[in-house]
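Below are the chains, spelled out letter by letter.
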Amino acid sequence: MDHRNEFEGFFPKYANAFELIGQLELALRWNIPTVLKSSQESSTWYERLRLKERRLLDLNRALGNSSEFPEQYLPFSFWRHLLSAQHYGDLWLPHLYKVFGNIENPKDFNTFTEIDKAMDSAYRLRNNLAHFNIQKLRTIDFATQRVEWLLEMMID
């Protein structure tokens, strides 16, 4: 199999998806800390987050790079984790639903489930793009649509 030819034919979709993932990650880096800063009575946006060991390690590593703007050094998986089902009660309902200000009924559990599923698609897409798993990108069109939807639903 000639992998170079396989990739060249796939490149336009790959490049578009990669750009959308970049836009999503930048939007998450900006919007989540902004919403948390305005919603919490603490000096930092991350101070009161209940994080599992892996995400706490990510945060501490990011703080080591920049104590003023650690969000610039957090991986996509960190943002995915904050928008996962385990944080529906402690983060989504009181705060993070505001990140998706263009969606109807943002506090509704079904709405949250749609966000969660779309973030999972985005997370898998990002990893498959980053690792050039072209065979796993059969659903690139669907995943790209989910990322576009997430971006449309976010606050500007």
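Just so it is clear, the model here is predicted, and its values are computed rather than measured.

Caption draft 1: Molecular detail of the packing of aromatic side chains. For the coordinates displayed, the defined rule picks out 11 aromatic pairs. The interplanar angle of 90° and the centroid separation of 5.3 Å between the aromatic rings of Trp45 and Tyr46 together place this pair among those described as edge-to-face. No difference in accessibility class separates Trp45 from Tyr46, as the two residues are buried. Three or more aromatic residues joined by ring pairs make a cluster, and in this case those are Tyr88, Trp92, Phe100, Phe109 and Phe112.

Caption draft 2: Structural context of the pattern of salt bridges. In the structure shown here, the tally under the stated rule is 8 salt bridges. Arg29 is paired through a salt bridge with Glu25; the nearest N and O atoms lie 3.3 Å apart. With Arg29 and Glu25 both in helix 1 (residues 3–39) and 4 residues apart, this pair spans about one turn of that helix. As far as burial versus exposure is concerned, Arg29 and Glu25 are alike and both buried. In this structure, the salt-bridge partner of Asp58 is Arg55, at a minimum N-O distance of 2.4 Å. In this pair, Asp58 and Arg55 are both assigned in helix 2 (residues 53–65), 3 residues apart and thus about one turn of the helix distant. Looking at Arg55, the relative accessible area reads 15%, which means it is buried.

Caption draft 3: Local environment of the confidence of the model for the protein chain. Considering every residue of the protein chain, the mean pLDDT works out to 91; 94% of them sit at 70 or more. The element-level mean pLDDT for the protein chain is lowest in helix 1, coming to 87, with helix 3 (residues 76–82) highest at 97.

Caption draft 4: How the structure looks around the side chain of Ser121. Secondary-structure assignment places Ser121 in helix 5 (residues 109–130). Among residues more than four places away in sequence, those in contact with Ser121 are Phe142, Ala143 and Arg146.

Quick notes on the rules
- Residues numbered from 1 in each chain as written.
- Predicted model: local features only at pLDDT ≥ 70, side-chain atom pairs only at ≥ 80, totals over all residues.
- Heavy atoms only, no water.
- Phe/Tyr/Trp six-rings, centres within 6.5 Å; stacked < 30°, edge-to-face > 60°.
- Buried < 20%, exposed > 50% of the residue type's maximum accessible area, 1.4 Å probe, protein only.
- Salt bridge = Lys/Arg side-chain N within 4 Å of Asp/Glu carboxyl O.
- Helix = DSSP H or I, 4+ residues; strand = E, 2+ residues; numbered from the N terminus.
- pLDDT = per-residue confidence, 0-100.
- Contact = heavy atoms within 4.5 Å.

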